[in-house]
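# Analysis of the macromolecular model
Listed here are the chains, written in short residue letters.
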Amino acid sequence: MAPSAWAVALAALCIVALAPPAAGFYLPGVAPNDFEKKDPLPVKVNKLTSIKTQLPYSYYSLPFCKPDTIVDSAENLGEVLRGDRIENSPYTFEMREPQMCQIVCKISVGEKEAKLLKEKIEDEYRVNMILDNLPLVVPIQRVDQEGAYFYQHGFHVGAKGKYSGSKDEKYFIHNHLSFTVKYHRDEQRDISRIVAFEVKPYSVKHEYEGQWNDKKTRLTTCDPHAQRIITSSESPQEVEVGKDIIFTYDVDFKESDIKWASRWDSYLLMTDDQIHWFSIVNSLMIVLFLSGMVAMIMLRTLYRDISKYNQLETQEEAQEETGWKLVHGDVFRPPSNSDWLCVYVGTGVQFFGMLLVTMVFAVLGFLSPSNRGGLMTAMLLLWVFMGLLAGYSSSRLYKLFKGSEWKNIALRTAFTFPGSVFAIFFFLNALIWGQKSSGAVPFTTMFALVLLWFGISVPLVFVGSFLGFKKPTIEDPVKTNKIPRQIPEQAWYMNPIFSILIGGILPFGAVFIELFFILTSIWLHQFYYIFGFLFLVFLILIVTCAEISIVLCYFQLCSEDYLWWWRSYLTSGSSALYLFLYATFYFFTKLEITKFVSAVLYFGYMLIASYAFFALTGTIGFYACFLFTRLIYSSVKIE
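What you see is a predicted model; the values in this text were computed from it and never measured.

Let's shift gears to the overall build of the protein. Within the protein, the regular secondary structure consists of 17 helices and 13 strands. Classification of the 639 residues of the protein by burial places 50% in the buried group. Long-range contacts, defined here as pairs at least 24 residues apart, represent 81% of the contacts in the protein between residues at least 6 apart. A total of about 31,600 Å² of accessible surface is found on the protein, and carbon and sulfur atoms cover 60% of it.

This is the structure:
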């Protein structure tokens, strides 16, 4: 991406951050387009997608009709990473001017073309188109509600079927498209705004009179002069070597009551919205109830402990102490591998800041679904700028652990997580490139990502580390003994592995319902736009991570085990293990992926997501325990 494009992206992000969501406010590139009668409406084509392979391909990788010159539309960073390839098409309409049985072109099918089409039909690939920034959808009647529809994005390249009386399976291509453009009309100014773009695909074996004369040929299967239209695929177009395929289309314009501002509502409507609502409310009630119970128990128990400890007067009584006060001389002793703990805490803070700001923008409606790739671009840029917080938090903790080489910790923070993710991403991208998919990130975009990392993120991490290390050292509420205290033998249920694995269940339980919808939107190519619920679930996740870490940390200190630093991080961070296991379960129960490369892509990306979730939840649990231990040990009198 050119430097000027980066400047535009950063400027747009600043506008998003500063502009109030006032009435009549439109984000850049999302303002409505007004069309007068007979205004040209160019249709754009996007990638071919399949939920069976998860590998997108360019529209023109198949033998479809092409315009005289193929022009790529400007793409932002998020669109490129998503595999979007938006180009012009030979389909051009005129506003409010219906067309019937328009010929696009005739394609001769050779051996190579037939093989490509059959492969894409076998893998259930869909064709995606765009008109006035609205994606093309196929309306499907809902069984449970009469007159209600849900919308599938894009139409299938073709279908498999058998002729009556034959056992051989054949491949048929959808070569006739019946478009419907719905518009909202302003009668005073006689202008229209497009509010829906729908299609019904048909497979039709076209026949024509006389010699082929390009678009002037008179078809006998459909004829605008005789008002003969296509309503079924009774005589479908078979994909076979040596046969010609004639591509045609109809377009009809319908006036609609839907206003431009509400045109995305039907696209974002979930087919199982009632289940979603019920599940979210149910999860919220359970988690709130558990939170209340845990908080009440913890407050009452701690109040009793602190009162008892503060009433001890004689040395003999002090020697009889048990529980968490007994380890006050060791509880703030720096842990083993403290450097790495600082690195992962800094990474978690970076993720927390990125997600929080992104979700606030999304809830306020700034990240519109019409701005394709906007969400991913915003997250990437915010991640880069949050490097300042990562460096600051890691060096502050590093200084608490009596560290002196702040540059070393800054270097590790800047490279550990991004480096490992980049290595996985590079490997997966090589696999996609090997499949000749349009989802492969180009070299220039890869260079831009490296430039963002080394040019902005790394310097910001170092600046943050420098500022954090300059701050005064955080004072411990109690002094640490020179000689470590021996830890008594622990009960089986306080075994580190057992308690860590148990600790991850509650945070995962708080988010797994929402996780199902997120995975569905990503891997089944559906829109996800319920950011209000997502933000609510994010808050629930913070509360549950904090509470489960505090409870298990308290039990650990009561059993005189003071090695809480790493365990507090791993307790809530172990929810990432359950996330990955759930992703595995989802793969085998909900997806129909059959190709090895596609399976590797799925598990590779879910590994990255789980790794990020580990850093996020682990950091929340760590800081909760950090504040908790400082609070309780500063509340008791230590002789």
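Now that the structure is up, let's keep going.
A grouping of W492, Y493, F498, I502 and I505 is seen on the molecular surface, where their side chains present a nonpolar patch of about 550 Å² in accessible area. You can see I502 is positioned in helix α12 (residues 496-503).

With 87% of its residues at a pLDDT of at least 70, the protein reaches an overall mean of 82. Low confidence marks residues 1-29, where pLDDT is under 50. Its contacts with residues over four positions away, or in another chain, come to 31 contacts.

As a further point, take the state of the cysteines. Per the stated rule, a full pass over the model turns up 2 disulfides. In this model C65 forms its disulfide with C105; the gap between the sulfur atoms is 1.8 Å. Taking the torsion about the sulfur-sulfur bond, which here is approximately -85 degrees, the covalent link between C65 and C105 counts as left-handed. A residue pair is termed long-range when its members are at least 10 positions apart, and C65 in the loop between β1 (40-49) and α2 (77-82) and C105 in strand β3 (residues 99-108) qualify at 40 residues. We note that C65, like C105, is buried. For C101, the disulfide goes to C222, at an S-S distance of 1.6 Å. Handedness of the C101-C222 disulfide follows from its S-S torsion of about 45 degrees: it is right-handed. One end of the pair, C101, is in strand β3; the other, C222, is in the loop between β12 (191-202) and β13 (244-255), with 121 residues separating them in the sequence. Summarising the burial analysis for this pair, C101 and C222 share the class buried. In the protein, the bonded cysteines, numbered by position in the sequence, are linked as 1-3, 2-4. The thiol sulfur of C553 is not disulfide-bonded, and the nearest other cysteine sulfur, from C625, lies at 4.0 Å.

With that settled, consider the nonpolar core. Residues W324, L557, W564, W565, Y602, F622 and Y633 are the most contacted members of the largest nonpolar core, which totals 92 residues. A domain split of this core shows at least three residues from each of domain 2 (335-472) and domain 3 (491-638). Once residues within four sequence positions are removed from consideration, Y633 is found in contact with W324, K325, V327, H328, V331, F332, P477, V478 and L557. Core analysis: the next-biggest nonpolar cluster, separate from the first, contains 54 residues, F93, L136, F197 and V239 among them.

Turning to empty space enclosed by the protein, a few remarks are in order. Leftover empty space is mapped by rolling, across the atoms, a probe with the size of a water molecule. Scanning the entire structure with this criterion turns up 1 cavity of 30 Å³ or more. Here the largest cavity defines a volume of roughly 50 Å³. The wall of the largest cavity is formed by Y59, F64, Y91, M129, F155, H174, N175, L177, F247 and T248. Partitioning the lining of the largest cavity into residue classes produces 7 nonpolar, 3 polar and no charged.

With 7 of 10 residues buried, β3 is to be regarded as a mostly interior element. Of the pairings in the sheet, the one linking β3 to β13 comprises 7 bridges and is antiparallel in character. Following the sheet pairing, I107 is matched in β13 by I245.

Next up on the list: the packing of aromatic side chains. Per the stated rule, a full pass over the model turns up 51 aromatic pairs. Ring plane angle 45 degrees and centroid distance 5.8 Å describe the contact between F93 and Y249, whose orientation is recorded as tilted. Here Y249 lies in strand β13 and F93 lies in strand β2 (residues 87-94), a separation of 156 residues in the sequence. By relative accessible area, F93 is classed as buried at 0%. Measuring from centroid to centroid gives 6.0 Å for F622 and F626, while their planes differ by 15 degrees, and the two rings are stacked. Here F626 and F622 lie together in helix α17 (residues 596-633), a separation of 4 residues that amounts to about one turn. Note on accessibility: F622 and F626 belong to one class, buried.

Attention shifts here to the pattern of salt bridges. As enumerated under the stated definition, the model contains 17 salt bridges in all. Between E238 and K243 there is a salt bridge; the shortest N-O distance is 4.0 Å. According to the relative accessible area criterion, E238 is buried, its value standing at 8%. By relative accessible area, which is 27% here, K243 ends up partly exposed. For E240, the salt bridge identified is with K243, shortest N-O distance 3.1 Å. Here the salt bridges share partners, and the residues they tie into one network are K170, E238, E240 and K243.

Since the α-helix advances by 3.6 residues per turn, residues separated by three or four positions end up pointing in the same direction. With 28 residues, helix α14 (residues 531-558) extends 40 Å between its outermost C-alpha atoms, agreeing within 8% with the 40 Å of an ideal straight helix rising 1.5 Å per residue. Counting buried residues in α14 gives 20 out of 28 residues, a clear majority hidden from the surface. One or two steps after α14, the chain reaches E560, where phi turns positive at roughly 65 degrees.

The rules behind the values
- Residues numbered from 1 in each chain as written.
- Predicted model: local features only at pLDDT ≥ 70, side-chain atom pairs only at ≥ 80, totals over all residues.
- Heavy atoms only, no water.
- Helix = DSSP H or I, 4+ residues; strand = E, 2+ residues; numbered from the N terminus.
- Buried < 20%, exposed > 50% of the residue type's maximum accessible area, 1.4 Å probe, protein only.
- Contact = heavy atoms within 4.5 Å.
- Areas by Shrake-Rupley, 256 points an atom, 1.4 Å probe, with all protein chains shown as cover.
- Patch = residues over 30% accessible without salt bridge, like charges linked within 9 Å, V, L, I, M, F, W, Y side chains within 5 Å.
- Salt bridge = Lys/Arg side-chain N within 4 Å of Asp/Glu carboxyl O.
- pLDDT = per-residue confidence, 0-100.
- Disulfide = S-S within 2.5 Å.
- Core = buried A, V, L, I, M, F, W, Y, C linked by side-chain atoms within 4.5 Å.
- Domains from an automatic or database assignment.
- 1 Å grid on protein atoms, 1.4 Å probe; cavity = no way out; pocket = protein on both sides within 12 Å on 5 of 7 lines; lining within 4 Å.
- Points joined across faces, edges and corners; volume = space filled by probe spheres on them.
- Nonpolar A, V, L, I, M, F, W, Y, C, P; charged D, E, K, R; others polar.
- Pairing = 2+ DSSP bridges.
- Phe/Tyr/Trp six-rings, centres within 6.5 Å; stacked < 30°, edge-to-face > 60°.
- Expected span 1.5 Å × (residues − 1).

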